[in-house]
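Results of the structural survey
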Amino acid sequence: MICLHIALQGSTESLLRRSERKYKEIVIVDQDNRIHTSKYNVLTFLPINLFEQFQRVANAYFLFLLILQLIPEISSLTWFTTIVPLVLVITMTAVKDATDDYFRHKSDNQVNNRQSEVLIDGKLQNEKWMNVKVGDIIKLENNQFVAADLLLLSSSEPHGLCYIETAELDGETNLKVRHALSVTSELGADISRLAKFDGIVDCEAPNNKLDKFTGVLSWIDSKYSLNNEKIILRGCVLRNTSWCFGMVIFAGPDTKLMQNSGKTKFKRTSIDRLMNTLVLWIFGFLVCLGIILAIGNSIWEQQVGDQFRAFLFWNEEEKNFVFSGFLTFWSYVIILNTVVPISLYVSVEVIRLGHSYFINWDRKMYYAGKATPAEVRTTTLNEELGQIEYVFSDKTGTLTQNIMTFKKCSINGKIYGEVHEEPSQKIEMIKKKEHADFSANPKADSKFQFFDHNLIESIKLGDPKVHEFLRLLALCHTVMPEENSTGQLIYQVQSPDEGALVTAARNLGFIFKSRTPETITIEELGTLVTYQLLAFLDFNNIRKRMSVIVRNPEGQIKLYSKGADTILFEKLHPSNEDILSLTSDHLSEFAGEGLRTLAIAYRDLDDMYFKQWYKMLEDANIATDERDERIAGLYEEIERDLMLLGATAVEDELQEGVIETVTNLSLANIKLWVLTGDKQETAINIGYACNMLTDDMNEVFVIAGNTAGEVLEELRKAKENVFGESRSFPNGHAVCEKKQQLELCSIVEETVTGDYALIINGHSLAYALESDAKNDLLELACMCKTVVCCRVTPLQKAQVVELVKKHRNAVTLAIGDGANDVSMIKSAHIGVGISGQEGLQAVLASDYSFAQFKFLQRLLLVHGRWSYFRMCKFLCYFFYKNFAFTLVHFWFGFFCGFSAQTVYDQWFITLFNIVYTSLPVLAMGVFDQDVSEQNSLDCPQLYEPGQLNLLFNKRKFFICVAHGIYTSFALFFIPYGAFYDVAGADGQHIADYQSFAVTMATSLVIVVSVQETQDIP
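All values reported here derive from a predicted model rather than from experimental measurement.

Quick look at the sheet that holds strand β8 (residues 175-179)
Judged by pairing direction, the sheet is antiparallel, and its 3 strands sit side by side in the order β8-β7-β13 without closing on themselves. Two strands lie at the open edges of the sheet, namely β8 and β13 (237-239), each paired on one side alone. Pairs of neighbouring strands in the sheet enclose a mean axial angle of 45°, with direction left out of account. Bridge count between strand β7 (residues 161-165) and β13: 3 bridges; the pairing is antiparallel. Bridge assignment links isoleucine 164 to a residue of β13, and that residue is leucine 238.

Quick look at the structure:
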């Protein structure tokens, strides 16, 4: 029997018992593995879908009008004038929703009916995925998908190892290793022993954290700590492993894959928000017209209508003029509702869909290197691409290629690697010096090049510091080795940095060969050496370092650590002062050349001390309260008094077209902020390399305070330099908090002359984002042409975006390629994911995706600008033609006794927007171009009208309304004057009501169609 304690929120726990199938009578909670991503079934589709559709204000409004039209006393229009377009829109939306849900059902059924081998009644039996229960033991075979979240029990590989691919979870195709507890790996493939397994798992509640799992296995009177390395998640694929057995921990909707499939935050464009406001204004305008006409009807009924009552045999009580005015008000609300027809919303969605296809089909945004086209993942934001003012970009993998090359290192105070020279001198140097020959090393990577022979000589001479340095590179990492069909050693890496360092050690004679849960084997200058792996202290964004503790063949215990220099230097022993000074200088030199750096250090550990420490770590691992805090504290305790070995420097080159893209975005008045986890010097160098920072700038401000007071003082001094000491500027404590101050902030920004840049590190940024300083930060940053934030965490990236988004009336875009960019991408108005070297998590969270940063200028300056231009022109024309069409009824009301009689034929009213004027306006909205795509790129300044919101705003709307009112006036009174009191040859009137209506309708279609070819004022 198997039991699971699942820890729930709060201090309480719920015991969920899971057993083999023969013990079903003791099951308390029975969570199966069936998944449901569909929204409807046959019975619920109609009511739920209609409920969802009528939650939209537009649909509810038109339903309200339809109900009014069913009341004979107030409706002069038949019901089909509203129901035809309403039913058409609802039906089209319902068909789309039904189709989407059908494919979700189909996908669900396909997944739920997959087969797995499940241990039932002591035998392996094929079972559908949907029938798998928590507590079941499943057998997986090579290349098979994992059915549920499993605790790995045993595998075909030595020491219970297995390899998995997590592409469906995070987009990463490199293999990852999982290993079973040694106590369960002994179960092997023995079905009888597996059937008797009766462990109790006490674990966390279901959550969406893919990289974290906390639990304890109690079995045979012992407790064993469980972490993410022991768990195989649903959606993974078993690779390079013949078989493995696992116990189901979470099933169905509780699995981490399904926990991560929550709804994405709905984003709306500024034009959407403006349209909602305008529709309310239009409705208010419609009510005012209705009131005017209702008052007119009451007056007419009182003064003129009395003359007809005797003739019509009406009693005085039957026709009250006030009540008549009340009914007339609702009648005119029905007639005038075509000012905002339902077809407006349909047309907007059709246009957006067309723009999305243009982006998807753009061959100039197709990256042949990865066969990756641009992809629109959210179709409702296209016009917002033409209004971007701030771009927040990651550096590594976004501006750079994220393909790392080992270039230099500092070992024991001495630099090894290429000498940084001027370009002309460097060419001569390369001609004189040949790269090191690694042909004697059969396991060397042929692509690796290193030009400094001094390092090779130091290795041959047996320099102990150099050997220890390379030994650390070969031991301290998460790389997984494998051999291909030709016997060549291949490294599966989770980080390109790690791959570069391990490859460098490999070519320099320290070859990482294999790993097990207990050992790491490397080949040191031709000799195989196996190290006992005692502990692995993993990397995270808070620690910014990783360490391994190993025992060498001589019995010595060593801690090897690598990480950010700002973190690792704080952990050094005081005796490292001299080498620390030299290495710091070297790191500054490396970073100045744009290289990514890591500090390297080690510590010798006493056997007794380590045993005591490891016992405390075991206790912390099986603890249920404050487990993470206790583990972090123990890591801090042992990672101290380190001895500095040196530092590494790897190169990450800029992507193709980055410089041109940054230049064009700057010319388009788009401000680029770089948010990176790299060192300040590295980020600054990349800034200069891609022209974000230039020598022509008036000043580059560097904020590096270590306290909140220092940061605030530095920010205010920088502001004084920008504005001038004699000039007053807004108080940072209140700036931009109110509308008036926001406008003042914008005015001040426009009056600042000169180019400035701001550099701030993550430590200072943490203080700057506090309430006392964040407005000073925002004001200063907005005055600067470029902002670079260094050493920032993923949370800080999102906070910076939210700061600008909240306090600036500007549209923001965030672009990144890694999982650490997801929060930033989701926070911005528009998120762009780059499908780079760090998986697809950024792409999956984005609104738009492509493979190279250079495509951003085409997305914004061409597609974004066109989408904004077309949508604005469409809206101006649409409002114009509908006011011209509808307000003819208003003028006619003064000539028909305010009786709410319509001018046009009812079918013409129904089909005006759907048939008579639909294609021209849609064609304009989808295909219109004011300038060619090449001109859009050659003249980025054409982008600015979108940023200033010039093409469609409240002023433009009122101009279109005035133009529409004038056109309606002309359309009514010119035919009226032409037909007024005119007789034919036979002496009879030639102008009957129908002729008059047809003349106006024909004139309307001609006028608005011709007007479309002109620029709407």
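Don't stop here, the text continues.
Remarks on the nonpolar core
With 74 residues, the main nonpolar core has Leu344, Phe874, Leu875, Tyr904, Phe908, Phe952 and Leu1004 as its most contacted residues. Considering each element in turn, this core owes the most residues, 13 residues, to helix α28 (residues 855-886). Among all residues touching phenylalanine 908, those that are not within four sequence positions of it are Phe885, Tyr916, Ala1001, Leu1004 and Val1005. If you look at the next biggest cluster of nonpolar residues, it comprises 49 residues, including Val111, Ile137, Leu181 and Leu233.

Details of the pattern of salt bridges
Applying the stated criterion across every chain, the model contains 38 salt bridges. The closest approach of N and O atoms between arginine 545 and glutamate 639, which form a salt bridge, is 2.8 Å. Here glutamate 639 lies in the loop between α18 (627-638) and β27 (643-654) and arginine 545 lies in strand β24 (residues 545-551), a separation of 94 residues in the sequence. Classification of arginine 545 as buried rests on a relative accessible area of 2%. Where lysine 797 meets aspartate 821, a salt bridge forms, and the shortest distance between an N and an O atom there is 2.7 Å. Of this pair, lysine 797 sits in helix α25 (residues 794-807) while aspartate 821 sits in the loop between β32 (811-816) and α26 (822-827); the two residues are 24 residues apart in sequence, bridging distant segments of the chain. In this pair, the class of lysine 797 matches that of aspartate 821, namely buried. Via salt bridges that share partners, Glu468, Arg471, Glu524, Lys558 and Asp604 belong to a single interconnected network.

What about the packing of helix α19 (residues 658-667) against α28?
Two quantities define a packed helix pair, namely the angle between the helix axes and the distance between the axes. Put simply, α19 and α28 touch, their axes get as near as 8 Å, and they point 25° apart. Judged by the inter-axis angle, α19 sits roughly parallel to α28. Considering how the two elements wind past one another, α19 and α28 form a crossing that is left-handed. Along the contact surface, α19 presents Glu660, Thr661, Asn664 and Leu665, while α28 presents Leu856, Gln857, Leu860 and Leu861.

A closer look at unusual backbone geometry
Both trends apply: most residues other than glycine have a negative phi, and most peptide bonds are in trans. For isoleucine 220, which is not glycine, the phi dihedral falls at a positive 55°. Its place among the elements puts isoleucine 220 in the loop between β10 (215-219) and β11 (222-226).

As for the pairing of strand β19 (residues 480-483)
Pairing geometry for β19 and strand β20 (residues 489-492), over 4 bridges, is antiparallel. Bridge pairing links glutamate 483 to leucine 489 in β20.

Section: a nonpolar patch on the surface
Residues Leu280, Trp281 and Phe958 make up a contiguous nonpolar surface patch of roughly 340 Å² in combined accessible area. By secondary structure assignment, the location of leucine 280 is in helix α8 (residues 270-312). Judged by relative accessible area, which is 62%, leucine 280 ranks as exposed.

A short note on the side chain of arginine 870
You can see arginine 870 is positioned in helix α28. A distance of 3.2 Å separates the side chain of arginine 870 from the backbone oxygen of valine 926, its partner in a polar contact. Other than its neighbours up to four places away in sequence, arginine 870 contacts His355, Phe358, Met924, Gly925, Val926, Phe927, Asp928 and Gln929.

Concerning the packing of aromatic side chains
For the coordinates displayed, the defined rule picks out 43 aromatic pairs. Note on phenylalanine 885 and phenylalanine 912: the rings are 4.1 Å apart at their centroids and 15° apart in plane angle, and the pair reads as stacked. A residue pair is termed long-range when its members are at least 10 positions apart, and phenylalanine 885 in helix α28 and phenylalanine 912 in helix α30 (residues 906-916) qualify at 27 residues. Positioned over the ring face of tyrosine 491 is arginine 506, at 5.1 Å from the centre of the ring. Of note, lysine 881 hangs over the ring of phenylalanine 878, and the distance from its end group to the ring centre comes to 4.3 Å.

What counts and how
- Residues numbered from 1 in each chain as written.
- Predicted model: local features only at pLDDT ≥ 70, side-chain atom pairs only at ≥ 80, totals over all residues.
- Heavy atoms only, no water.
- Pairing = 2+ DSSP bridges.
- Helix = DSSP H or I, 4+ residues; strand = E, 2+ residues; numbered from the N terminus.
- Axes fitted to C-alpha atoms, helices over the stretch in contact; angles between N-to-C directions.
- Core = buried A, V, L, I, M, F, W, Y, C linked by side-chain atoms within 4.5 Å.
- Buried < 20%, exposed > 50% of the residue type's maximum accessible area, 1.4 Å probe, protein only.
- Contact = heavy atoms within 4.5 Å.
- Salt bridge = Lys/Arg side-chain N within 4 Å of Asp/Glu carboxyl O.
- Parallel < 35°, antiparallel > 145°, perpendicular 65-115°, else oblique.
- Left-handed = near helix turned anticlockwise from the far one by under 90°.
- Patch = residues over 30% accessible without salt bridge, like charges linked within 9 Å, V, L, I, M, F, W, Y side chains within 5 Å.
- Areas by Shrake-Rupley, 256 points an atom, 1.4 Å probe, with all protein chains shown as cover.
- Polar contact = N/O pair within 3.5 Å; in protein donor to acceptor, adjacent residues only side chain to side chain.
- Phe/Tyr/Trp six-rings, centres within 6.5 Å; stacked < 30°, edge-to-face > 60°.
- Lys NZ or Arg CZ within 6 Å of the ring centre and 35° of its normal.

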